[in-house]
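An overview of the molecular structure
Given next are the chains, with one letter for each unit.
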Amino acid sequence: EEFMMVKGTEIIVRALKEENVDTLFAYPGGQAVDIFDALYGEKEIDVVLPRHEQALVHAADGYARSTGKTGVCLVTSGPGATNLVTGIATANYDSVPLVCITGQVPLSLMGNDAFQEVDIVGITNSVCKYAVTVRTREELPRILKEAFYIARTGRPGPVVVDVPKDIQQALGPDEYPETVNIRGYKPNESVHMGQIKKAVSMLKKAKKPLFLIGGGVNISGANRQMRELAEKTGVPVITTIMGKGAIPTTHELYMGNIGIHGSYAANHAANECDVLFSIGTRFNDRITGKIEEFAKNAKIIHIDVDAASISKNIVVDIPIVADAKLAIEKLLENVDRIQMAEYLKEIRDEYCYGKNSELQRRLAENGCDVHRSTI
């Protein structure tokens, strides 16, 4: 099979098309200008030009959150690359898929403190999922393919691909790989049924169960299934800030956000519950407060796609490494309704007539819609 020989920049454009990228957040500069030349005249890629790279990366992050696609950035070396750092860290903590392509000085100048040179891989390594400098024209297509794969699979996150100018200009085959095989990176694609059954039997025995739902449920697109699970079991739901919207915030089973920015009802429920069934959260300090005081009466079940997030902050009783949607679908097949009318009534009374009743009464008199999650 004969391959056409094309420049590295053309392979980058080809990669964007193969990965179905329709929007590119990009700001030009000397070490990226060749990529812009290759993009010139491309009709199906919309290039969004900001006034500053920091705005660009936050826009790409917002685009990824709202569409579920991977946000893609293109910037030049040095200051262009360093201006992405805050946005990369944000995407990393909130599990947002980004591919950030940065121009870099030619390989022959790297490490010599050249004009607008920084070691962007060294700078971003600790705040992204993967960062790599492309060192040969041959590996460019494979690295781009892997970048998109790593960004969007497992626990999503940002990937930095640093491309030296001489590799952008070098000729090589125009092929783009169809498959990815990375040793040591095999995202989990199944659910351990033994662990699911353990979780279900623990839930059945609970007198005061509670779902704690994090951003993982939104990311996996399991909102409908999560709502079904809550309704089928009758178990109340609290969320982290990232998990908000996992079930409608107007739902009678929704108790609000937990943690420092949370509602009184949600925090009270977490203190009182005997089984905390958490899905897709990393239990960060805004949620837990004092670790030793957090949900101290509860056995904890934790489903997360990222094994490293389980028992990292809060030690759990039943760990389940799985995609939230897959796990919730398996739970739906195995759970029944749980009898706990008294407990629910107690939480609702706490929420309705407890600490905030005076505030609520005044709001209601003024015709305000009293929303659980804001109280």
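For the structure, see preceding data.
My aim in this report is to walk through the structure given alongside it, one point at a time.

What counts, and at which threshold
- Residues numbered from 1 in each chain as written.
- Predicted model: local features only at pLDDT ≥ 70, side-chain atom pairs only at ≥ 80, totals over all residues.
- Heavy atoms only, no water.
- Helix = DSSP H or I, 4+ residues; strand = E, 2+ residues; numbered from the N terminus.
- Expected span 1.5 Å × (residues − 1).
- Buried < 20%, exposed > 50% of the residue type's maximum accessible area, 1.4 Å probe, protein only.
- Contact = heavy atoms within 4.5 Å.
- Salt bridge = Lys/Arg side-chain N within 4 Å of Asp/Glu carboxyl O.
- Core = buried A, V, L, I, M, F, W, Y, C linked by side-chain atoms within 4.5 Å.
- Pairing = 2+ DSSP bridges.
- Axes fitted to C-alpha atoms, helices over the stretch in contact; angles between N-to-C directions.
- Polar contact = N/O pair within 3.5 Å; in protein donor to acceptor, adjacent residues only side chain to side chain.
- Phe/Tyr/Trp six-rings, centres within 6.5 Å; stacked < 30°, edge-to-face > 60°.

The subject of this paragraph is helix H7 (residues 140-152). The α-helix winds at 3.6 residues per turn, so residues separated by three or four positions along the chain end up facing the same way. In this model H7 runs 19 Å from its N-terminal to its C-terminal C-alpha over 13 residues, within 8% of the 18 Å that 1.5 Å per residue would give. Counting buried positions over the 13 residues of H7 gives ten, a clear majority of the element. When H7 is considered as a whole, its buried residues turn out to be Leu140, Pro141, Ile143, Leu144, Lys145, Glu146, Ala147, Phe148, Ile150 and Ala151. Tucked into the core, H7 has its buried residues touching helix H1 (8-18), strand E4 (71-75), strand E5 (98-104), strand E6 (130-133), strand E7 (158-164) and helix H8 (165-169). One or two residues past the end of H7 sits Gly154, with phi positive at roughly 55°.

Let us now look at the pattern of salt bridges. All told, the structure shown has 16 salt bridges when counted by the stated rule. The salt bridge involving Arg142 is made with Glu146; its shortest N-O contact spans 3.2 Å. Residue Arg142 and its partner Glu146 are both found in helix H7; the two are separated by four residues, about one turn of the helix. The salt bridge involving Glu293 is made with Lys296; its shortest N-O contact spans 3.1 Å. Owing to a relative accessible area of 39%, Glu293 belongs among the partly exposed residues under this scheme. In this structure Lys296 comes out as exposed when scored by relative accessible area, which is 55%. The network of salt bridges with common partners includes Glu19, Lys145 and Arg152.

A separate point is the nonpolar core. Met226 and Leu276 are the most contacted members of the largest nonpolar core, which has 58 residues in total. The residues contacting Met226, other than those within four sequence positions of it, are Phe211, Ile213, Val217, Val237, Ala246, Ile247, Ile279 and Ile328. Grouped together as the second largest cluster of nonpolar side chains are 35 residues, Ile45, Ile150, Ala151 and Tyr185 included.

Pairing is parallel in the open sheet, where six strands are placed in the order E3-E2-E4-E5-E7-E6. What marks the edges here is a single partner per strand, and that holds for strand E3 (46-48) and E6. The sheet shows a mean angle of 20° between the axes of neighbouring strands, taken without regard to direction. Bridge count between E5 and E7: seven bridges; the pairing is parallel. In the sheet register, Val99 faces E7, and the bridge partner there is Val159. Sitting on the sheet, helix H3 (residues 53-67) is in contact with strand E2 (23-26), E4 and E5, with an inclination near 165° to E4.

Here we take up the environment of Asn218. Of note, Asn218 is situated in helix H10 (residues 215-219). For Asn218, a relative accessible area of 25% corresponds to the partly exposed category. Distance in space between the C-alpha atoms of Asn218 and Ala15 is 27 Å, their sequence separation being 203 residues. What Asn218 contacts, discounting residues up to four positions off in sequence, is Asn223, Met242, Gly243, Lys244, Gly245 and Ala246. At 3.2 Å, the side chain of Asn218 and the backbone oxygen of Lys244 are in polar contact.

So, on to the pairing of E5. Among the seven residues that make up E5, seven are buried, leaving the element largely enclosed by the rest of the structure. With five bridges joining them, E4 and E5 adopt parallel strand pairing. Directly across from Cys73, in E5, lies its bridge partner Cys100.

What follows concerns the packing of aromatic side chains. All chains considered together, the criterion is met by four aromatic pairs. Seen from their ring centres, Tyr149 and Tyr185 are 5.9 Å apart, and the 90° between their planes marks the pair as edge-to-face. In this pair, Tyr149 sits in helix H7 while Tyr185 sits in the loop between strand E8 (171-173) and helix H9 (193-205), placing the two residues 36 residues apart along the sequence. Measuring from ring centre to ring centre gives 5.3 Å for Phe211 and Phe277, while their planes differ by 50°; the resulting arrangement is tilted. Remark: Phe277 occurs in strand E12 (residues 275-279) and Phe211 occurs in strand E9 (residues 209-213); sequence separation between them is 66 residues. In terms of burial, Phe211 and Phe277 fall into one category: buried.

Turning our eyes to something else, we now look at the side chain of Thr102. Locating Thr102 in the fold gives a position in strand E5. Of the polar contacts made by the side chain of Thr102, one reaches the side chain of Asp162; its length is 2.7 Å. Apart from the residues lying within four places of it in its own chain, the contact partners of Thr102 are Val75, Ala81, Leu84, Ile120, Val160, Val161, Asp162 and Val163.

Ordered by their spatial adjacency, six strands build an open sheet running E11-E10-E9-E12-E13-E14, and the pairing between neighbours is parallel. Both edges of this open sheet fall to strand E11 (254-257) and strand E14 (318-321), since each of them pairs with a single strand only. Between one strand axis and the next, the sheet turns by 15° as a mean value, whatever way the strands run. Pairing of E9 with E12 involves five bridges; the strand directions are parallel. Paired with Ile213 across the bridge in E12 is Ile279. Taken strand by strand, H9 contacts E9, E12, strand E13 (299-304) and E14, and its axis lies near 140° from that of E14. Helix H12 (residues 264-272) contacts E9, strand E10 (237-239) and E11 of the sheet and is inclined by roughly 100° relative to E11.

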